[in-house]
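Single-letter residue listing:
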Amino acid sequence: MRDLPWLGRYCMRAMFELVRARLQFARLTARHIVTRNERSQQEARANTTCAQRDLARMAYVLPRISNRLPWRSDCLVQAMAAQNWLGRRGMASEIRIGVDHPANGPFEAHAWLVCDGTAVTGGNISRYHPLFGKAGVSAGPG
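Residues numbered from 1 in each chain as written. Predicted model: local features only at pLDDT ≥ 70, side-chain atom pairs only at ≥ 80, totals over all residues. Heavy atoms only, no water.

**Student:** How should I be thinking about the pairing of strand 1 (residues 94-100) in this particular structure?
**Tutor:** Consecutive side chains of a regular strand alternate in pointing toward one face of the sheet and then the other. Of all 7 residues making up strand 1, 7 are buried, and the element is well covered by its neighbours. Residue alternation in strand 1 divides its side chains into two sets, Glu94, Arg96, Gly98 and Asp100 and Ile95, Ile97 and Val99, and both sets are buried. For strand 1 and strand 2 (residues 108-115), the ladder comprises 7 bridges, and the chain directions are antiparallel. Bridge pairing links glycine 98 to histidine 110 in strand 2. (Buried < 20%, exposed > 50% of the residue type's maximum accessible area, 1.4 Å probe, protein only. Helix = DSSP H or I, 4+ residues; strand = E, 2+ residues; numbered from the N terminus. Pairing = 2+ DSSP bridges.)

This is the structure in structure tokens:
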């Protein structure tokens, strides 16, 4: 019961940001991801850091709300939604895209968002090798 006040707010915000990100995704190109990351760094307010509690809450609600929407909100849409959300708070973040090519399986691509060295979206990213962006990241908030 003590989680209800923040949970309601975060779920509503997650839905708003996922809708916004899905609309942005419709016009997305690879160059736009690089531009988004650069803009995130430029627009971040000085001395603004990501509270681990807030990152953990975002990481909790975004995939759960995504699964309940009538359209696909896969990893890249979730990363964009989280980046929009953090950007409104003046926090810098970076969308990273990585690949995995297991010896006995198909090629896979995955996107995740990093803030202050922590993966906010994307779940377990340990098997993915970033195509661009920095390689170092901690497992996630929590």
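There is more to say after this.
**Student:** Would you take a moment to explain the environment of methionine 12 for this structure?
**Tutor:** Tracing the backbone through its elements, the reader meets methionine 12 in helix 1 (residues 4-25). By relative accessible area, which is 60% here, methionine 12 ends up exposed. Separated by 12 residues in the primary sequence, methionine 12 and glutamine 24 have C-alpha atoms spaced 19 Å apart.

**Student:** Please clarify how the side chain of aspartate 54 should be interpreted in this entry.
**Tutor:** One can find aspartate 54 in helix 3 (residues 52-66). A distance of 3.2 Å separates the side chain of aspartate 54 from the side chain of arginine 89, its partner in a polar contact. Excluding residues within four positions of it along the chain, aspartate 54 makes contact with Tyr10 and Arg89. (Polar contact = N/O pair within 3.5 Å; in protein donor to acceptor, adjacent residues only side chain to side chain. Contact = heavy atoms within 4.5 Å.)

**Student:** Quick question: what am I supposed to make of helix 2 (residues 30-43) here?
**Tutor:** Since the α-helix advances by 3.6 residues per turn, residues separated by three or four positions end up pointing in the same direction. In a regular helix each residue adds 1.5 Å, so 14 residues correspond to 20 Å; helix 2 covers 20 Å between its end C-alpha atoms and thus fits that length. Listed in full, the buried residues belonging to helix 2 are Ile33, Arg36, Asn37 and Ser40. Each buried residue of helix 2 lies within a common arc of 95 degrees when the element is viewed along its axis, so the set occupies one face. Residues of helix 2 that are exposed and point over 90 degrees away from its buried face: Arg31, Gln42 and Glu43. (Expected span 1.5 Å × (residues − 1). Arc of directions from axis to C-beta.)

**Student:** Got a minute to help me understand the packing of aromatic side chains in this structure?
**Tutor:** The relation between two aromatic rings is expressed through the spacing of the ring centres and the mutual angle of the planes. What the rule picks out here adds up to 4 aromatic pairs. Ring centres 6.5 Å apart and planes at 70 degrees place the aromatic pair tryptophan 6 and tyrosine 60 in the edge-to-face group. You can see tryptophan 6 sitting in helix 1 and its partner tyrosine 60 sitting in helix 3, a full 54 residues away along the chain. On the basis of relative accessibility, which here comes to 12%, the residue tryptophan 6 falls in the buried class. Note on tyrosine 60: relative accessible area 41%, which makes it partly exposed. Ring plane angle 45 degrees and centroid distance 6.4 Å describe the contact between tryptophan 112 and tyrosine 128, whose orientation is recorded as tilted. Placement of tryptophan 112 in strand 2 and of tyrosine 128 in the loop between strand 3 (118-119) and strand 4 (129-132) is noted, with a sequence separation of 16 residues between them. According to the relative accessible area criterion, tryptophan 112 is buried, its value standing at 2%. According to the relative accessible area criterion, tyrosine 128 is buried, its value standing at 11%. (Phe/Tyr/Trp six-rings, centres within 6.5 Å; stacked < 30°, edge-to-face > 60°.)

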